[in-house]
Amino acid sequence: MTTLDTRTEIESDDLATGGKHRLHEPGGRGGLIEVVRHRTVLSMLARRDVRMRYRYSSLGFAWAYVKPTIQFLVYYFIIGVVLGLERRVENFAVYVFSGLCLLFFFNETIGNATRSIVKNRAIVKKIWLPRQVFPIAGVIVAASRFVPQFLILMIGATATGWYFTWTGLAAAVAGVGVVVVWGLALGLLLSAVNVYLREVQNFLELTGFLTHWLTPMIKPWTLVASRLVPDLGLAGVMLLTAYLWNPLTTAVELFHLAFWSPTVDYYFELSPYLWTRAYVFFGLGVVVLAGSQWLFKRLQVRFAEEL
Amino acid sequence: MSSAVIVREASKSFQLRHDFTIRDALANRRKRQDPSNIVQALEDVSFHVDQGEGLALMGQNGSGKSTLLKLISGVMQPDSGTVHVRGTIAGLIDVGAGLHPELTCRENIYLNSAILGMTRAQTATNFDAIVSFAGLERFLDTQARFLSSGMFSRLGFSVAIHTEPDIFLVDEVLAVGDGQFKRKCRRALIAQRVKGMTLIIVAHEVDLLRRLCSNAVVLDQGRVVFQGPLADAEKVTGDDDDGN
């Protein structure tokens, strides 16, 4: 333990050695590249969460289907059959379910990601890992629940006359892409904010409800337009624009284009400028993701002391 | 000899917060500056540890030892000053931090090794050694919550020591476990020290520290009050009995 001028050593060390045995600041800089380097732990955490969720249920993984199935049945019978929307929208079941399973994926992503840092506080406080692994593992868990629902959608659509088109494939990929980018962007941001203000997770209870009713998941945009524009005039046009020009409406409509429109004769219910919105909201999602990663990087510095 | 850890003029303070809701945060924004809500955990701490050295961190409860380990492991960042390290770190700041009570021991070994930076293949290679070191062969498919606290920490320690880090941080973890396992840990730590592992350890058992460390840093209220040979540090702290 001699005293030494550490500044000199750090500087001369930088010149002398490289690689793993170079002096460096412990922990990381908080970039997303570190997550790629830690992909083993990422996949282990995702696997742990999937396993934990179903360990205490006799239905096991089938439990993942119960919530969307019940939601689907309620929407189908109440809105479709009782309120009669089924007579206006051909093949209403596939119309609803294609939007529902995509929004379920989105809401799962946001929910898992937002709670992830606080839930894993024992690790975050004691061991350094790139903290983004926790919200990203949440996205992977959400995806693992989306895949079986997606298969059910495929079965339902095929049974009602769905056929393959390249446009449909592009629309499906774009729909999932928009949801993943926005889900990850908002999930990263909310997971970090939730460390400082725990009540953020209370808002999650609302997101499922809001996304179902503020997108064309249940009712086609034409129905919304026919009420808003004549009744409210300019304000109605502005509301309608906001209703159409948002990432979730875009994603839902892309899924309608991919899985519902091939099964019906008339699909004028699809909203206009769909592909333009797809490009805009995917691009914008990437920008928002970059911004939320930037904020996450700053907020995560004090995670260990706030938890 | 080059340094494994260099801490230079590091300070760390904590803000005591009472506002976890938006309303509280708005109401309290003036109180933020109130100095009585700020705890200075470390103040202007400088020292360095050579590669292969064993360093004891000593001081009373609340003197900043654990905060210092967290700065070295990268879990926290200093408010001012710098921390530099060389090589890989395994922080045993808390035994079993990455252990999940609902997972089986087998699942926990893989998960915890991954958290400490090992790949699945590396863990598979070490798996038998980890299990036999922890002495948990019979409990491999038992959920960790059914283990006794001693077994739990044995599992945590065993995984951590088998990652063979360049720098090993240990925070009072050897306080748990029975005497036989403590001796086993001590032997494992000595074996790793011989291979060139750097060790920074917080412990109150002077007998243990004597075997593992040649030097010590003594903290008091966040400041370094002594650094030098362990034997002299014992005089400063007055812990020259067996520490208990």
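Just above, that's the structure.
Going along each chain's sequence as written, the residues are numbered from 1 onward. As they are written, the chains are lettered A onward and the ligands numbered 1 onward, keeping that order. Whole-chain, interface and lining totals are the exception, using all residues; otherwise, since this is a predicted model, local features are given only for residues with pLDDT of at least 70 and side-chain atom pairs are given and counted only at 80 or more.

Caption draft 1: Broad picture of the pairing of strand S4 (residues 80–86) of chain B. A pair of strands is treated as paired once DSSP finds two or more bridges between them. For the purposes of this entry, the term helix denotes a DSSP run of H or I that reaches at least four residues, the term strand denotes a run of E that reaches at least two, and both are numbered from the N terminus. Where strand S1 (residues 23–24) of chain A meets S4(B), two bridges bridge the pair, whose relative direction is antiparallel. In the strand pairing of S4(B), Leu23(A) is matched with Arg86(B). Where strand S1 (residues 3–15) of chain B lies against S4(B), five bridges are found, and the strand directions are antiparallel. The residue bridging Val5(B) from the neighbouring strand is Val85(B), located in S4(B).

Caption draft 2: Expanded view of unusual backbone geometry. Residue and element names in this part refer to chain B. The phi dihedral of Glu 164 is positive, around 45°, even though this residue is not glycine. Within the secondary structure, Glu 164 sits in the loop between helix H5 (149–161) and strand S6 (167–171). Here exposure depends only on C-beta density: within 10 Å of a residue's C-beta, 20 or more other C-beta atoms make it buried, 12 or fewer make it exposed, and intermediate numbers make it partly exposed, the C-beta atoms being placed from the backbone. By C-beta crowding, Glu 164 is classed as partly exposed, having 15 other C-beta atoms within 10 Å. Phi angles above zero are rare outside glycine, and Gln 221 is one such case at about 45°. With respect to the helices, strands and loops of the structure, Gln 221 is situated in the loop between strand S8 (215–220) and strand S9 (223–229). Its 14 C-beta neighbours within 10 Å are what place Gln 221 among the partly exposed residues.

Caption draft 3: Region of interest: the interface of chain A and chain B. We call two residues in contact when the distance between their C-beta atoms, placed using the backbone, is within 7 Å. Facing 33 residues of chain A, the contacting portion of chain B comprises 42 residues. Those elements that place two or more of their residues in the side of chain A that touches chain B are helix H1 (6–16), S1, helix H3 (39–55), helix H7 (121–126) and helix H15 (303–306) of chain A. It is H3(A) that provides the largest number of residues to the side of chain A that touches chain B, a total of six residues. Class assignment for the residues of the side of chain A that touches chain B results in 16 nonpolar, five polar and 12 charged. Gly falls in the polar group here, along with every residue not listed as nonpolar (Ala, Val, Leu, Ile, Met, Phe, Trp, Tyr, Cys, Pro) or charged (Asp, Glu, Lys, Arg).

Caption draft 4: The sheet that holds strand S2 (residues 38–50) of chain B, seen in detail. With antiparallel pairing, the four strands of this open sheet are ordered in space as S1(A)-S4(B)-S1(B)-S2(B). With one partner strand each, in any of the chains shown, S1 of chain A together with S2 of chain B form the two edges of the open sheet.

By themselves, these figures tell us nothing about what the structure is for.
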